[in-house]
Amino acid sequence: MNSRTIFFAGGGTAGHIQPALAVARNWQRDNPGDRIVFLGTSSGLETSLVPESGFELQLITRVRVPRKLSPSLLNAAFQLLRAISESRRIIRGGDLLIGFGGYVCAPAYIAAAMNKIPTVIHEANAKPGWSNRLGALFTKSLAVGIPVTDGKFATALVTGI
């Protein structure tokens, strides 16, 4: 079997990173020839947790989305375009993107769709975050930690955390 490159995206908090690390460890155990690469931002816990776990980490620009209408919304648009471009370059030629939420995921999901890389999304929270809701527009391969009652994640595979 040929070696594959599997990208994991999830960052910011341990709630996104720890489930990603658990899946990555299992993937590595079952597929020792595959290359595993994490996407993250320089401001999240992934900068310490991922390297400490022995996995490669590639960083992209963090997209800071303001929670209310303000001039910084324009800056967020430029940050998003930059992060998508960085993500496309990093994941080019990859075989799969598995996302767990957080700031890194929105540009990664868009980049994967543009590069025609299959995507799987896992949502650990009771209410899916905005980046995972965005990513769900590009894939039907959805998993949740606990059942979700509405939206695209209502039909997701319940895997636990």
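Before any of the text, the structure's been laid out above.
Sequence order as written defines the numbering, with residues in each chain counted from 1. Local features are withheld for residues below a pLDDT of 70 in this predicted model, meaning they are given only at 70 or higher, and side-chain atom pairs are given and counted only at 80 or more; totals for whole chains, interfaces and linings count all residues. The basis for every side-chain value is the complete set of heavy atoms in the structure, and neither hydrogens nor water enter the calculation.

Colleague: Can you explain the side chain of S87? Please cite residues and give values.
Modeller: Secondary structure elements are defined from DSSP: runs of H or I of at least 4 residues count as helices, runs of E of at least 2 residues count as strands, and each element is numbered from the N terminus. Summarising the element assignment, S87 is placed in helix α3 (residues 72-91). Contacts between residues were defined by any pair of non-hydrogen atoms, one from each residue, lying within 4.5 Å. The contacts of S87, once residues within four sequence positions are left out, are I60, P107, A108 and A111.

Colleague: Outline the pairing of strand β3 (residues 56-59), supporting the account with residue identities and numerical values.
Modeller: Bridging between strand β2 (residues 35-40) and β3 involves four bridges; their strand directions are parallel. Following the sheet pairing, G40 is matched in β3 by L59. Handedness of a crossover is defined as follows: orient the strands so they point away from the viewer, and if the path from the first strand over the helix to the second runs clockwise, the crossover is right-handed. The β-α-β motif built from β2, the intervening helix α2 (residues 46-52) and the parallel element β3 has right-handed crossover chirality. The pairing criterion for strands is at least two bridges between them, as found by DSSP.

Colleague: Go over the packing of α3 against helix α4 (residues 105-114), please, and point to the residues and values.
Modeller: The relative placement of two packed helices comes down to the angle between their axes together with the axis-to-axis distance. Close contact between α3 and α4 brings their axes to 8 Å; oriented N to C, the two are set at 55°. Taken together, the axes of α3 and α4 are oblique relative to one another. You can see that α3 and α4 cross each other, and the crossing is right-handed. The residues of α4 that touch α3, namely those facing L80, A83, I84, S87, R88 and I91, are P107, A108, I110, A111, A112 and M114. To get an axis, a line is fitted to the C-alpha atoms, and for a helix only the part in contact is used. The angle between two axes follows their N-to-C directions and goes from 0 to 180 degrees. Every angle not falling under 35 degrees, over 145, or within 65 to 115 is termed oblique; those three ranges are roughly parallel, roughly antiparallel and roughly perpendicular. Handedness of a crossing is defined here by the sense of rotation of the near helix relative to the far one, left-handed for an anticlockwise turn of less than a right angle and right-handed for a clockwise turn.

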